[in-house]
Amino acid sequence: MAAVTLEQVTFSWKSGTPIIDIAKCEIKSGEHIFIQGPSGSGKSTLLNLLTGLLLPDSGEIRIAGCCISSLSSSERDCFRADHIGFIFQMFNLLPYLSLRDNVMLACRFSNVRKQRAIAQAGSVSQAADQLLLELGLGKQLHQRLTVAELSVGQQQRVAVARALIGSPDVLIADEPTSALDRTTRDTFIQLLLKEVSQRNSTLLLVSHDDTLSPFFDRTLSLQQINCAGVTDAI
Amino acid sequence: MLFNVALASSWSRRHTLFFIVLTIALSVALLIAVEKIRTEVRDSFNRSVSGTDLIVGARGGELQLILYSIFHIGQASNNISWESFELINSNKNVAWAVPISLGDSHKGFRVVGTSSGFFTHYQTGQQQSLLFQKGKAFNDLFDAVIGADVARQLGYQVGSRLTLSHGVGSASFSQHDDRPFSVAGVLRSTGTPVDQSVFISSEAIVAIHDGWQSGSRIPGQQISVEEVRKKVLQPKELTAILLGMKSKLSTFHLQRQINNYKAEPLQAVLPGVALQQLWQLIRVAENALRIVSGCVVLAGLIGMLAVLLTSLGARRKEMAIMRAIGARPWHIITLLVFESTLVSAIGTLLGVLLSVGLLMLAQPVLETQFGLFIQSTGLSLDDAPLLAGVVLAGAATGLWPGYRAYQMTAADGLTLRC
């Protein structure tokens, strides 16, 4: 079964130059995909389309069997909360919340993920603690460190915990390793892939750094699948 | 659930928000203080006279009559004859009639020539009769009864001697220094103009003006105190009459009779009706005060709006994270509205405490300097809608930044990298 399907998807800003023009792209459920593309290849736009923050001008985007491009704006928000875990490049966390609260935040907007977390670990906070432990943040959790006291790599791992809580169908990561050094990066990617595999989630990792591609099942070059082939700088 | 997040977020920016809370607190404190003083001024006027059914004086403005006879503000346009007083006093519906003669003063305090009936019939506040703090009503011709403020400010006690001045200025040139009075009684504080009055008998008014003509002493005519005592001191004129009726129903009948009296141009007014006229006059000033304090609150809210809008720049990432996790637009708007509501609610609460504290501090000053009696510095239920209005306006202030924040997240999407 396909986790993500894009068909004849086009998108352009008001200026008219198309940024995205993808004829067909299918990602199977449980696949770990590396989407490689230099800056300006439409990565950001693609991410906004996949998460439902932008609507394509034409074509269909299906995630977990649901055609999100035909949903209303608030339905897409709900869908994102229920089915997609998102990891930013950096500064993923709200600095005024504890590590646990940051992880639990994902369940505040999604009842589906909340119920799933409770079913898996007994309660949302236990699910959060369990994930933080698995991601090697037990000490930090125990010492009640604040977000500001964590290293960038540790912050990114908390972000992974938040993206994973309640086992969403698809995990989307936007350059999550760009702020990490090589060793931390490799540990981070391996940990991420391990956790994603355990939950049978589909992973889409977007980055310009092609040295990451050996870690993944499959690499998609955005320049190849995107016929728009623009070199804009969004 | 979202509220905990909003609370934590606001707490993390508490240093900025504190100042806007302070601004709102100050504006609310001002608003309440103005409301308080407004109602207290009104109360203090309303308190000044009670139990009196009619006030009679020379024909003129109704408001003017009550102002000079009760509040000792301004002068009587004309005196009325003693015959009229006796005629009214003998009316079968009149329970009591008290004469009021004004025109003299003592060190800036008005002298009221009256009968001892004043102390038994005149009431203030909620039908409270006058009480003596010390001493008793005047007995002798040259006895005086003084109000609480007079006693306190001039340091007078029972037995103190005082001389009166002709006219009402504190720097009067003509002195009644040949006819000294002694204090027979000191009245208890009432929070009304009574506190600032010196009471002597109507006969004493005649006595001190014996040998006077047109406001000055007749030269060469010296009459000793003993000679004055022997004279028949029948007043010929008086300034006003306070009336109590046997039955309230006859009040209007007598009022009409007095107003239509042919022998002398008299008028009778109901104190309540005259006070209503006063309110109509004062309302303009009251409204001006309210508008000013309302504008201060508005300025506070605009300040909050500015702070919230400025904070959005720093909160872009926060909003983007929320949206990525699945927050709907209304979550974002709620976040901002919650903050503005919180800030204005805390500000209002602080403002209430501040106003209570300030009024407590100002109470003695207001009383001694302006004769304004603040009965309770606490909050009255009447202020509740006003305060709720401030909080509500504060909540509404958050809508605009909330909408802006939503627009921002819509434009940023997930692309914001800071």
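Residues numbered from 1 in each chain as written. Chains lettered and ligands numbered in written order. Predicted model: local features only at pLDDT ≥ 70, side-chain atom pairs only at ≥ 80, totals over all residues.

The name that an unreviewed UniProt entry assigns to chain B is Putative ABC transport system permease protein, with the source organism given as Neptunomonas qingdaonensis. UniProt lists a comment for chain B under the heading Subcellular location (unreviewed entry), and it reads "Cell membrane". (UniProt positions renumbered as here; feature names shortened; annotations may be inferred.)

Under an unreviewed UniProt entry, the name given to chain A is Putative ABC transport system ATP-binding protein, and the organism recorded is Neptunomonas qingdaonensis.

**Q** Residue-level account of the overall build of chain A, with values.
**A** The secondary structure content of chain A amounts to nine helices and nine strands. For a compact globule of 234 residues, the expected C-alpha radius of gyration is about 17 Å, and chain A comes in at 17 Å, within 12% of that figure. Across its three principal axes, chain A shows a C-alpha extent of roughly 50 × 35 × 30 Å. Looking at chain A residue by residue over its 234 residues, the buried ones come to 48%. (Helix = DSSP H or I, 4+ residues; strand = E, 2+ residues; numbered from the N terminus. Rg over C-alpha atoms; globule rule 2.2 N^0.38 Å. Buried ≥ 20, exposed ≤ 12 C-beta atoms within 10 Å, placed from the backbone.)

**Q** Quick one: what's the story with the overall build of chain B, residue by residue and with numbers?
**A** Helices and strands together make up the secondary structure of chain B, namely 14 helices and 17 strands. The globule rule puts the C-alpha radius of gyration for 418 residues at 22 Å, and the 31 Å found for chain B is more than 25% above it. Counting every position in chain B, which comprises 418 residues, the buried fraction comes to 38%. Pairs at least 24 residues apart make up 78% of the contacts formed inside chain B by residues separated by at least 6 positions. (Contact = placed C-beta atoms within 7 Å.)

**Q** Can you break down the sheet that holds strand β2 (residues 18-28) of chain A residue by residue, with the values?
**A** Residues and elements named next belong to chain A. Pairing is antiparallel across the open sheet formed by four strands, whose spatial order is β2-β1-β4-β5. This sheet does not close on itself; its edge strands, each paired only once, are β2 and β5 (66-67). Relative to strand β4 (residues 58-63), strand β1 (residues 2-12) runs antiparallel, the two being bridged by five bridges. When the sheet's bridge partners are listed, Thr 10 is paired in β4 with Ser 58. (Pairing = 2+ DSSP bridges.)

**Q** Just give me the short version of helix α3 (residues 99-108) of chain A, but keep the residues and values in it.
**A** Counting buried positions along α3(A) gives eight out of 10 residues, so the element sits mostly inside the fold. Leu99(A), Asn102(A), Val103(A), Met104(A), Leu105(A), Ala106(A), Cys107(A) and Arg108(A) are the residues of α3(A) that are buried.

**Q** Go over the domain arrangement of chain B, please, and point to the residues and values.
**A** Considered domain by domain, chain B is made up of domain 1 (2-45 + 282-414) and domain 2 (54-269). Distance from the C-alpha centre of domain 1 of chain B to the C-alpha centre of domain 2 of chain B: 51 Å. (Domains from an automatic or database assignment.)

**Q** Describe the sheet that holds strand β7 (residues 170-174) of chain A, with residues and values.
**A** Residues and elements named next belong to chain A. Judged by pairing direction, the sheet is parallel, and its five strands sit side by side in the order β6-β7-β8-β3-β9 without closing on themselves. A single partner strand is all that each edge strand has here, and the edge strands are β6 (84-87) and β9 (218-221). The sheet shows a mean angle of 20° between the axes of neighbouring strands, taken without regard to direction. Where strand β3 (residues 32-36) lies against β9, four bridges are found, and the strand directions are parallel. Following the sheet pairing, Gln 36 is matched in β9 by Ser 221. On the sheet, helix α7 (residues 152-164) packs against β6 and β7 and is oriented at approximately 170° with respect to β6. (Axes fitted to C-alpha atoms, helices over the stretch in contact; angles between N-to-C directions.)

**Q** An account of the packing of helix α10 (residues 271-314) of chain B against helix α13 (residues 383-397) of chain B is needed here, citing residue identities and associated values.
**A** Residues and elements named next belong to chain B. At a minimum axis separation of 10 Å, α10 and α13 run at an interaxial angle of 30°. Relative to α13, α10 is oriented roughly parallel. As for how α10 packs across α13, the hand of that crossing is right-handed. Residues Val 297, Leu 301, Met 304 and Leu 305 of α10 lie in contact with α13, whose contacting residues are Val 390, Ala 393, Gly 394 and Thr 397. Classifying every residue of the contact of α10 with α13 by side-chain character gives six nonpolar, two polar and no charged. (Parallel < 35°, antiparallel > 145°, perpendicular 65-115°, else oblique. Left-handed = near helix turned anticlockwise from the far one by under 90°. Nonpolar A, V, L, I, M, F, W, Y, C, P; charged D, E, K, R; others polar.)

**Q** Any details on the packing of α7(A) against helix α8 (residues 182-198) of chain A? Residues and values, ideally.
**A** All names here are of chain A. The contact between α7 and α8 brings their axes to 11 Å, and the two run at 15°. Considering the angle they form, α7 stands roughly parallel to α8. Note on packing geometry: the crossing formed by α7 with α8 is right-handed. Contacts between α7 and α8 pair Gly 153, Gln 156, Arg 157, Val 160 and Leu 164 from the former with Thr 184, Phe 188, Leu 191, Leu 192 and Glu 195 from the latter. Of the residues in the contact of α7 with α8, the class split is five nonpolar, three polar and two charged.

**Q** Describe the nonpolar core, naming the residues involved and giving the relevant values.
**A** In terms of nonpolar packing, the biggest core is built from 102 residues, with Val103(A), Ala161(A), Ile165(A) and Leu204(A) touching the most fellow members. The residues contacting Ala161(A), other than those within four sequence positions of it, are Val103(A), Ala128(A), Leu131(A), Leu132(A) and Leu135(A). Residues Tyr122(B), Ile200(B), Leu242(B) and Val269(B) belong to the second largest nonpolar core, which totals 57 residues. (Core = buried A, V, L, I, M, F, W, Y, C linked by C-beta atoms within 7 Å.)

**Q** Tell me what's going on with the UniProt feature "transmembrane region" (unreviewed entry) in chain B, and back it up with residues and numbers.
**A** Residue and element names in this part refer to chain B. Taking the numbering used here, the UniProt-annotated feature "transmembrane region" (unreviewed entry) corresponds to residues 291-312, 333-366 and 386-403. The span residues 333-366 shows a helical share of 100% and a strand share of 0%, and its end C-alpha atoms are spaced 46 Å apart. Note that residues 386-403 is 94% helix and 0% strand, and that its end C-alpha atoms are spaced 27 Å apart.

**Q** Now, about the interface of chain A and chain B: what can you tell me, with residues and values included?
**A** Taken together, the contacts link 26 residues of chain A with 21 residues of chain B. Mapped by element, the contributors of at least two residues to the side of chain A that touches chain B are α1 (43-50), α2 (73-83) and α3 of chain A. Counting residues per element, the side of chain A that touches chain B draws most heavily on α2(A), which supplies five residues. A per-class count over the side of chain A that touches chain B returns 15 nonpolar, seven polar and four charged.

**Q** Residues and numbers for unusual backbone geometry, please.
**A** Excluding glycine, residues mostly have negative phi values, and the peptide bonds linking residues are mostly trans. Look at Glu175(A): it is not a glycine, yet its phi comes out positive at around 45°. Inspection of the secondary structure assignment puts Glu175(A) in the loop between β7 and α8. The phi torsion at Lys107(B) lies on the positive side, around 50°, for a residue other than glycine. Relative to the elements of secondary structure, Lys107(B) occurs in the loop between β3 (94-106) and β4 (109-114).

**Q** Give a detailed account of the environment of Phe71(B), specifying residues and quantitative values.
**A** Here Phe71(B) shows up in the loop between α3 (62-69) and β2 (80-81). Setting aside its immediate chain neighbours within four residues, Phe71(B) contacts Ser48(B) and Pro193(B).

**Q** Which residues make up α13(B), and what are the values?
**A** Residue and element names in this part refer to chain B. For α13, which comprises 15 residues, the first-to-last C-alpha distance of 21 Å matches the rise-based estimate of 21 Å (1.5 Å per residue) to within 8%. Restricting attention to buried positions, one finds in α13 the residues Val 390, Val 391, Gly 394 and Thr 397. All buried residues of α13 fall inside an arc of 115° around its axis, so they share one side. Along α13, exposed side chains directed more than 90 degrees from the buried face belong to Ala 384, Pro 385 and Ala 388. (Expected span 1.5 Å × (residues − 1). Arc of directions from axis to C-beta.)

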